[in-house]
Amino acid sequence: MHRLLYAWLKEQWLILPILGFLLILLNVAMYIAWHLLGGTEGILGSLLQDGIEMVQVFGGQGVGPENLGASYLAVGWRHPIVVAMLAGYAASRGSKAVAREIEEERSEFLFSLPYPRFFILLAHFLTTALGVAVLSALLVYSSIYFSGTFGLEIAVSSYKATGYITFALYMAVASIAYFFSSFLRQGGWALNLTLVLVLALYAGDFGANLGFWENSSYTLFVNYRVAESLGGLSTLGPEALGFLGVAGLFLAASMAITTIRNI
């Protein structure tokens, strides 16, 4: 089993450094802009105050004039580019779990190993969890470093709490991809359906922030309240547990399908 884990981790040797570098690059750009534009006391502070409603569209719940630093950073953590990178990674990994193994004719070997099928799927899921954890940690610890360097005062504990809920959210995305992969047994369909679903959920939250309709917890992203977490207004523990509950539910369904169904 350790050889399988090694092989699945080795698959990520290129994509994880690339995504990590891009996340850090986007992150440092946010902090440099904060520093150059004077933070809350400068031009940026005035722009944020005047356009707080537009900041809330991207930053979600918890954005407010009394929470400007965290509100500004929330725009970066919840930006469509960052969401696309993290959700794309999670969905790509999940779509490979069963469907790609079947398409590349490796499933017979995998499921002939002396391990239960659900255990093999769980091992694959754990390698994805490790990747999501690495990317979440890069966001957290680069933010802690840049925060001290460029003078945006956010508590370390708030960064860590936000990293935790970020990890939980994208593990929920990954588990949905695992479910589609097990159910459809076609990697392309599994990946595309997961991304379409994530886009719909993100668009639902975005539309609610614009005032088109009432917010709904069914969008998932409505509970990803980065401004609240970074501002120390809430640790979002129940919300993170909700995301992990979604992840566990879809993973359990994937295991059941993989175990029962002929592959």
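Residues numbered from 1 in each chain as written. Predicted model: local features only at pLDDT ≥ 70, side-chain atom pairs only at ≥ 80, totals over all residues. Heavy atoms only, no water.

## Structural notes on the packing of helix 4 (residues 52–59) against helix 5 (residues 68–77)
Put simply, the rule reads: In this analysis an axis means a line fitted to C-alpha atoms, helices contributing only their contacting stretch, and an angle means the value between N-to-C directions, from 0 to 180 degrees. Comment: elements are numbered from the N terminus, with helices defined as DSSP H or I runs of at least four residues and strands as E runs of at least two. Any angle that falls under 35 degrees is termed roughly parallel, while one over 145 is termed roughly antiparallel, one within 65 to 115 roughly perpendicular, and all others oblique. Left-handed describes a crossing in which the near helix is turned anticlockwise from the far one by less than a right angle; the clockwise case is right-handed. When checking whether two residues touch, look at their non-hydrogen atoms; a contact exists if any pair is within 4.5 Å. In this count, Pro and Cys sit with the nonpolar residues alongside Ala, Val, Leu, Ile, Met, Phe, Trp and Tyr, while Asp, Glu, Lys and Arg are called charged and the others, Gly among them, polar.
One way to put it is that helix 4 packs onto helix 5 with a least axis distance of 8 Å and a crossing angle of 50 degrees. Put simply, helix 4 runs oblique to helix 5. Regarding helix 4 and helix 5, the two cross each other, and that crossing is left-handed. Contacts from I52, V55, F58 and G59 in helix 4 reach L68, S71, A74 and V75 in helix 5. Broken down by class, the residue content of the contact of helix 4 with helix 5 amounts to six nonpolar, two polar and no charged.

## Overview of the packing of aromatic side chains
The description of two aromatic rings rests on the distance between their centres and on the angle between their planes. For the record, the criterion: Working definition: a ring pair exists when centres of Phe, Tyr or Trp rings (six-membered ring for Trp) sit within 6.5 Å. Plane angles under 30 degrees give stacked, over 60 give edge-to-face, the rest tilted. Relative accessibility thresholds used throughout: buried, under 20% of the residue-type maximum; exposed, over 50%; partly exposed, between the two (1.4 Å probe, protein chains only).
A complete count under the given rule lists eleven aromatic pairs for this structure. Ring geometry for F179 and F183: centres 5.9 Å apart, planes at 5 degrees, overall stacked. Of the two residues, F179 and F183 are both situated in helix 9 (residues 156–184); the distance of four residues between them amounts to about one turn of the helix. For F183, a relative accessible area of 44% puts it in the partly exposed group. Here the aromatic cluster, defined as three or more aromatic residues joined through ring pairs, consists of Y31, Y145, F146 and F150.

## Side note on unusual backbone geometry
We note that R185 has phi near 60 degrees; this positive angle belongs to a residue other than glycine. Relative to the helices and strands, R185 is located in the loop between helix 9 and helix 10 (187–209). Note on R185: relative accessible area 29%, which makes it partly exposed. If you check the backbone angles, L236 has positive phi at about 60 degrees while not being a glycine.

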